[in-house]
Amino acid sequence: MISTAPRSLGVASVLKARHAMARSVPTAVPLMSWIDDLKVSRTERSRPAERPFIDPADSGTNARVLLLLEAPGPMTNAQNARAGSGFISSDNNDVTAENLWLARQSSGLVDGVLIWNIVPWYLGPASKKPKVADLQEGANHLRELIALLPELHTVVTLG
C-alpha cells in the first residue's frame, strides 16, 4: 500500500501509474498471469469473466496476510458507466474502499497484505449477492491463489 490518503485511485494520474505497475512489479506479475488465465477459463465456459486485478501496490506474492472480501464491487469494474479502477484495492474511489483503507491504517495492516475476493469475478450491482455455486467455484480458485503465496500465514475474512 503506497497511498497516503484514501480514494487515491480516483485521481487519473495515480490510476494510470498503478496500471503501469500492474505488469511490471515482480510480486504482481505471477498473480496477474493467474488472473488472466482465470478470465480465459471462465470465458471458454461462457461464464461471466469480468474480473478486477490485484493491486500491484499491495504485497502480491510476498503477502503474509490475505484480506478476503466477498465479491468485487462496482468501483473495481473499469467497464461500468461510472468506470472503476480495474483493481481490488483499498485505494478505490468509494466508501467501502475508504473504510478498508482507514481500517488498515488503524490496525497496522499496511505492509505484507493482499486483498482478494472469494468470488473474484464481477457479479453486477452491489445488491447482487453470490450464489452457492459462485462461492464453491471461488473457493477452488482461492486454493490456487493461496498456492501462489508462499509467505501467507493469516487470512482475514471481511464482508
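Computed from a prediction, not measured in an experiment: that's the story for all the values here.

A. View of the pairing of strand β2 (residues 65-69). In terms of residue burial, β2 counts as a mostly covered element, since four of its five residues are buried. With five bridges joining them, β2 and strand β4 (residues 113-117) adopt parallel strand pairing. Bridge pairing links Leu67 to Ile115 in β4. Pairing between β2 and strand β5 (residues 154-157): four bridges, direction parallel.

B. Region of the structure containing the pattern of salt bridges. Scanning the model with the defined rule gives 10 salt bridges in all. A salt bridge links Glu98 to Arg7, with the shortest nitrogen-to-oxygen separation between them at 2.8 Å. Of this pair, Glu98 sits in helix α3 (residues 95-107) while Arg7 sits in the segment before α1 (12-22), and the two are 91 residues apart along the sequence. Among the residues examined, Glu98 registers a relative accessible area of 24% and is labelled partly exposed. One salt bridge in this structure joins Arg18 and Asp55, with 2.8 Å as the shortest N-O distance. You can see Arg18 sitting in helix α1 and its partner Asp55 sitting in the loop between β1 (53-54) and β2, a full 37 residues away along the chain. Residue classification places Asp55 among the buried residues on the basis of a relative accessible area of 1%.

C. Focus on α3. Along its 13 residues, α3 runs 18 Å from first to last C-alpha, staying within 8% of the 18 Å computed at 1.5 Å per residue. Of the residues making up α3, those classed as buried are Ala97, Leu100, Trp101 and Arg104. Projected down its long axis, α3 shows its buried positions confined to an angular sector of 105°, all on one face. For α3, the exposed residues set more than 90 degrees away from the buried face come down to Val95 and Ser106. Buried residues along α3 sit against β2 and β4. Put simply, Asp94 is the residue that caps the front of α3, since its side-chain oxygen is 3.0 Å from the backbone nitrogen of Thr96. Just past α3, the residue Gly108 takes up positive phi, approximately 85°.

D. Seen up close, the packing of aromatic side chains. Taken as a whole and judged by the stated rule, the model has one aromatic pair. Look at Trp34 and Trp116: their rings are 5.5 Å apart centre to centre, the planes differ by 55°, and that puts the pair in the tilted class. With a gap of 82 residues between them, Trp34 in helix α2 (residues 29-44) and Trp116 in strand β4 connect regions that are remote in the sequence. Like Trp116, Trp34 is buried. Over the ring of Trp121 we find Arg42, and its NZ or CZ is 3.5 Å from the ring centre.

Each value, and the rule that gives it
Residues numbered from 1 in each chain as written. Predicted model: local features only at pLDDT ≥ 70, side-chain atom pairs only at ≥ 80, totals over all residues. Heavy atoms only, no water. Buried < 20%, exposed > 50% of the residue type's maximum accessible area, 1.4 Å probe, protein only. Helix = DSSP H or I, 4+ residues; strand = E, 2+ residues; numbered from the N terminus. Pairing = 2+ DSSP bridges. Salt bridge = Lys/Arg side-chain N within 4 Å of Asp/Glu carboxyl O. Expected span 1.5 Å × (residues − 1). Arc of directions from axis to C-beta. Contact = heavy atoms within 4.5 Å. Polar contact = N/O pair within 3.5 Å; in protein donor to acceptor, adjacent residues only side chain to side chain. Phe/Tyr/Trp six-rings, centres within 6.5 Å; stacked < 30°, edge-to-face > 60°. Lys NZ or Arg CZ within 6 Å of the ring centre and 35° of its normal.

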